[in-house]
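Architecture and fold: a report
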Amino acid sequence: MKKCLLFLFLINGILCFSQTTTKIEKKKRLHKLVATDSILKRIQHFKDSAATVLQFADSNQIRNDISRNMDGILRLQREQKAKQKKAATIRIAIGVALFVVLIIGLKRRRK
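Keep in mind that what you see is a predicted model, and the values were worked out from it rather than measured.

Description of the overall build of the protein
Secondary structure summary: the protein contains 4 helices and 0 strands in total. Secondary structure of the protein in N-to-C order comes out as α-α-α-α.

Shown next, in the form of structure tokens:
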């Protein structure tokens, strides 16, 4: 019975998750890219304008922003490490306290 049930589940999984589309159906769904000269010119103009804008950006302002962001990230990392260290010491203290209670309980049982 278990083998039959396992066989049914395996067959069900294969039938449910199998792929049904073929390559021909996928090709029909794809849209063709229309590449005319005017579209290519517009794309090239957009690329050139984006490149010129990036060249004229204030590099000092960008450097200041990056350094400020890095300082903030480092500060957050330090705070996170301090929280983790505090939590670890608390867990260690609780473990040691429970260990002491265990030792005391075992000594009382021997007497």
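A few points about the pattern of salt bridges
Summed over the entire model, instances satisfying the criterion amount to 2 salt bridges. The shortest N-O distance in the salt bridge between Arg 68 and Asp 65 comes to 2.5 Å. Highlighted residues: Arg 68 and Asp 65, both in helix H4 (residues 59–110), separated by 3 residues, approximately one helical turn. In this structure, Arg 75 engages Glu 79 in a salt bridge whose closest nitrogen and oxygen atoms are separated by 3.6 Å. Here Arg 75 pairs with Glu 79, and both are found in helix H4, just 4 residues apart, close to one helical turn.

Here we look at helix H1 (residues 2–16)
For H1, spanning 15 residues, the distance from its first C-alpha to its last is 21 Å, which sits close to the expected 21 Å at 1.5 Å a residue. Among the 15 residues in H1, 0 count as buried, and that is only a small part of the element.

Quick word on a nonpolar patch on the surface
A cluster of nonpolar side chains, namely Leu 5, Phe 7, Leu 8, Phe 9, Ile 11, Ile 14 and Leu 15, defines an oily patch on the protein surface of about 750 Å² accessible area. With respect to the helices and strands, the residue Ile 11 is situated in helix H1.

Thresholds, definitions, all that
- Residues numbered from 1 in each chain as written.
- Predicted model: local features only at pLDDT ≥ 70, side-chain atom pairs only at ≥ 80, totals over all residues.
- Heavy atoms only, no water.
- Helix = DSSP H or I, 4+ residues; strand = E, 2+ residues; numbered from the N terminus.
- Salt bridge = Lys/Arg side-chain N within 4 Å of Asp/Glu carboxyl O.
- Expected span 1.5 Å × (residues − 1).
- Buried < 20%, exposed > 50% of the residue type's maximum accessible area, 1.4 Å probe, protein only.
- Patch = residues over 30% accessible without salt bridge, like charges linked within 9 Å, V, L, I, M, F, W, Y side chains within 5 Å.
- Areas by Shrake-Rupley, 256 points an atom, 1.4 Å probe, with all protein chains shown as cover.

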